[in-house]
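In case you want the letters, here they are:
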Amino acid sequence: MIRKFFASRWGIISVGAFIGVFAPLLQKWGNPGNMGICVACFERDIAGALGLHRAAVVQYMRPEIIGFVLGALIAAYLFKEFRPRAGSAPIVRFVLGAFAMIGALVFLGCPWRAMLRLAGGDWNAIFGMLGLIGGIWIGTLFLRGGYNLGRAQETHTSVGWLMPLIMLGFLCLMFLYPQVEGQDKSGVLFYSIKGPGALHAPLFIALGVGLAVGILAQRTRFCTMGAFRDLILFRQTHLFSGVVALVVVAFITNLILKQFHPGFANQPVAHTMGLWNFGGMVLAGLAFALAGGCPGRQLFLAGEGDGDAAVFVLGMITGAGFAHNFGLASSPKGVGPHGIAAVIIGLLICLFIGFTMKKKIA
Amino acid sequence: MSDMVDARGLSCPQPVLMTMEKINKVKKGEITVLVDTDTSRENVSRAATSQGWKVKKINPEGAGYRIMIWKK
């Protein structure tokens, strides 16, 4: 019964709506503007908390991400869907993850945040959404042409447990080295004193929402990239109805919470360079499409035992390190010194992967 | 002997793409699709139904499922 509901259209709509309510609420409870949930930004903050980059304003071990993976793990076990598997072109997934992150950080947000920005009145996100759809569209051309990453194999249970264990480890670090007021370091973890990294909802609320979203999204296969991909590829609106619900409900919630501020200029954690808002998301959208899931979906898959999705996540976190160390990430002032070059290189590498991985499936 | 699609180990949207390809090729009859995740099981069933095919039977097999779809 419950299984049927989650697989139904109302199931996916209710999860989109759930995120649409709780993301703006997380913002009200402390998360940065139009960033109640942003998988790319939060993984970037985690990279900062670990010291993989040293951008002082974006360092925080985001409990939402930990909750996403652990929630998906719990749901997978509850419904007997935990399936350890790995071995489908892991290095390609790593590279796609890294460039997906770089593209997302040129725009300043993953698809989830693009929608939340839209629902908060940040019209720069329109260019980001168009870029995302454009990138996914290019990805569907490759898929139609026979692109695939090859088969994964069933494997040891422990393989599927590694990403959840990494997340549990991160959570332990948070408890061992909690934030100290006014200090940028606590034990091994880095924290932000100012900037978006300093803005966060209380730990247990963020973790709780993360767990709930993880459980629900694992059940319904919520995916912001799949939404557009299935629409373009199969004219299927199942996943799409979930993202529509997210945007509509987030918009209404923002109105109620007085968080809707329409316009282009002075939007929180955003810049107004339309072309690169578009270009960054073309890169991210294409990388997500080639890797088979949006950054959220990759976390949920990693939670249900998919070792290849876990590699994509590690690629994203590594990509965040590069993005800030190399000056690829944008800031509210505009694109970083090497952001444009990185988008072009990333697109070339995605095209290389797309054109060359067309081998027939055995 | 029904037509067979082996989509085990393949990630989204490959199982659906392969099933659709087979559906477009054989037009009617019976197709057996092998998948290894619940997501693929749902996606393949949903895609088949949307093409006017009926899901006849889903049996667990190994770590995955054997899905039989059918159209007159």
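Scroll up to find the structure.
Summarised in this report is the structure supplied together with it. (Residues numbered from 1 in each chain as written. Chains lettered and ligands numbered in written order. Predicted model: local features only at pLDDT ≥ 70, side-chain atom pairs only at ≥ 80, totals over all residues.)

Attention shifts here to the nonpolar core. Residue and element names in this part refer to chain A. By size, the foremost hydrophobic cluster in this structure holds 142 residues, and its most contacted members are V69, M101, I102, L105 and A287. Sort the elements by how many residues they give to this core and helix α5 (residues 90–107) lands first, with 13 residues. Discounting residues that sit within four places of it in the chain, I102 has contacts with G319, F322, A323, L328, A342 and G346. (Core = buried A, V, L, I, M, F, W, Y, C linked by C-beta atoms within 7 Å. Buried ≥ 20, exposed ≤ 12 C-beta atoms within 10 Å, placed from the backbone. Helix = DSSP H or I, 4+ residues; strand = E, 2+ residues; numbered from the N terminus. Contact = placed C-beta atoms within 7 Å.)

Turning our eyes to something else, we now look at the environment of G354 of chain A. Residues and elements named next belong to chain A. Inspection of the secondary structure assignment puts G354 in helix α15 (residues 339–356). Sequence separation between G354 and L290 is 64 residues, and the spatial gap between their C-alpha atoms is 7.2 Å. Ignoring sequence-local partners within four residues, the contact set of G354 consists of F142, Y147 and L290.

Turning our attention to the pairing of strand β1 (residues 3–6) of chain B. The two faces of a sheet get side chains in turn, since along a regular strand they alternate between them. All names here are of chain B. For β1 and strand β2 (residues 29–35), the ladder comprises 4 bridges, and the chain directions are parallel. In the sheet register, D3 faces β2, and the bridge partner there is I31. Since β1 and β2 lie parallel, the crossover through helix α1 (residues 14–26) that links them has a hand, and here it is right-handed. (Pairing = 2+ DSSP bridges. Right-handed = clockwise from strand over helix to strand, strands pointing away.)

It is worth spelling out the interface of chain B and chain A at this point. On the chain A side, the residues contacting the 18 residues of chain B number 22 residues. When contributions to the side of chain B that touches chain A are tallied by element, the ones reaching two or more residues are α1 and α2 (38–50) of chain B.

Here K28 of chain A lies in helix α2 (residues 9–28). When the C-alpha positions of K28 of chain A and K4 of chain A are compared, they lie 34 Å apart, and in sequence the two are 24 residues distant.

Moving on: the packing of helix α8 (residues 157–176) of chain A against helix α14 (residues 307–325) of chain A. Residues and elements named next belong to chain A. Where α8 contacts α14, the two axes come as close as 9 Å, and the packing angle between them is 30°. The angle between α8 and α14 places the two elements in the roughly parallel class. In the crossing of α8 with α14, the sense of the turn from one axis to the other is left-handed. Residues V159, G160, L162 and M163 of α8 form the contact with α14, whose own contacting residues are G307, A310 and V313. A class-by-class count of the residues in the contact of α8 with α14 yields 5 nonpolar, 2 polar and no charged. (Axes fitted to C-alpha atoms, helices over the stretch in contact; angles between N-to-C directions. Parallel < 35°, antiparallel > 145°, perpendicular 65-115°, else oblique. Left-handed = near helix turned anticlockwise from the far one by under 90°. Nonpolar A, V, L, I, M, F, W, Y, C, P; charged D, E, K, R; others polar.)

Angle between the axes and distance between the axes are the two parameters that describe a pair of packed helices. All names here are of chain A. The contact between helix α13 (residues 295–303) and α14 brings their axes to 8 Å, and the two run at 130°. Judged by the angle between their axes, α13 and α14 are oblique. For α13 against α14, the interelement crossing comes out left-handed. Every residue of α14 that contacts α13 at P295, Q298, L299, L301 and A302 is listed here: A309, A310, F312, V313 and M316. Looking at the contact of α13 with α14, its residues break down into 9 nonpolar, 1 polar and no charged.

On to the sheet that holds strand β4 (residues 64–71) of chain B, then. Residues and elements named next belong to chain B. Read across the open sheet, the 4 strands follow the order β1-β2-β4-β3; overall the sheet is mixed. Sheet topology places β1 and β3 (54–61) at the edges, where each strand pairs with a single neighbour. Across this sheet, the average inter-strand angle for adjacent strands is 20°, counted without regard to direction. Its contacts with the sheet put α1 on β1 and β2, and the angle it makes with β2 is roughly 165°. Most of the contacts of α2 go to β4, to which it runs at about 5°, and overall it touches β2, β3 and β4.

All quantities given are derived from atomic positions and should not be read as evidence of function.
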